[in-house]
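Residues per chain are reported as follows:
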Amino acid sequence: MDWQIKSLAKVSGISGREIKPGDTVVCTVFIDDMGNLDRLDAHADEFDDSKIRGKIIGRWEREVAANPDADERAARRLALASSEDFFLSMFDDSSPVKADEADAVKQILALMLERKRILKPVGRPSRGIQKYIHTSSKREFDVPQKEMDAELVLKIQTQLGSIII
C-alpha cells in the first residue's frame, strides 16, 4: 500500500478562485463534524481557521510551483513533500489537536515516511511510543504506537480517501 497526500487542489476550497503557479496556499487536514478526515486548500490571503468546519489536525503552507502536474515524477515529489509537511505540522507546538484521534494518522504517516527514508526509527517502541528522527532536519518525534488491525487500517484508508492517492 503506497499512500501519498494528494497534490494541491486546482481551485481554492473557500472562494473557488483558481490556484496558479506562484500563489501561496494553506493546506489543511481536519476532522469534520461527522468524524471523517477531509482536506481544504485555500489561498493564504483568504484562509481563516474559523472557516474550517471541524478540528484541524495538520496545517502547512506551500508556494505553488510552475505546473507541478507537467510530469509524473514532479507530481509524486510534490505529493511526498505534502505528506512530509502534513506529518511535521501534526507535531508543531501550534497544532490545535493533540488528541488520540490523530494518533493513528501520525503512525501511518510515520510508517510511510520511514519507507521513503524521510524518517528513521530510533530503537524499538517503548511504552507505546516509537521515536523517529527526521533525516533532513534531525528533529526527533515521538509517534504513538497503536494496535493496527486490518479493520482499523481499512477504516483509516476509507477516511483518508479525500486526502491521499
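Definitions and cut-offs
Residues numbered from 1 in each chain as written. Predicted model: local features only at pLDDT ≥ 70, side-chain atom pairs only at ≥ 80, totals over all residues. Heavy atoms only, no water. Helix = DSSP H or I, 4+ residues; strand = E, 2+ residues; numbered from the N terminus. Contact = heavy atoms within 4.5 Å. Areas by Shrake-Rupley, 256 points an atom, 1.4 Å probe, with all protein chains shown as cover. Buried < 20%, exposed > 50% of the residue type's maximum accessible area, 1.4 Å probe, protein only. Phe/Tyr/Trp six-rings, centres within 6.5 Å; stacked < 30°, edge-to-face > 60°.

1. Remarks on the overall build of the chain
Working step 1: Assigned secondary structure in the chain consists of 3 helices and 6 strands.
Working step 2: The order of helices and strands in the chain, counted from the N terminus, is β-β-β-α-α-β-β-β-α.
Working step 3: Taking as baseline every contact in the chain between residues at least 6 positions apart, the subset at least 24 positions apart corresponds to 57%.
Working step 4: Roughly 9,600 Å² of accessible area belongs to the chain as shown, and the carbon and sulfur atoms make up 48% of that amount.

2. So, the side chain of Asp103
Working step 1: Turning to its location among the elements, Asp103 is positioned in helix α2 (residues 103–115).
Working step 2: With relative accessibility at 7%, the residue Asp103 sits in the buried group.
Working step 3: Apart from the residues lying within four places of it in its own chain, the contact partners of Asp103 are Pro144 and Lys146.

3. As for the packing of aromatic side chains
Working step 1: With the rule as written, the count across this model stands at 4 aromatic pairs.
Working step 2: Ring plane angle 50° and centroid distance 5.0 Å describe the contact between Phe87 and Phe91, whose orientation is recorded as tilted. Across the pair, exposure class does not vary: Phe87 and Phe91 are buried alike.
Working step 3: Taken together, Phe87, Phe91 and Phe141 form an aromatic cluster joined through their ring pairs.

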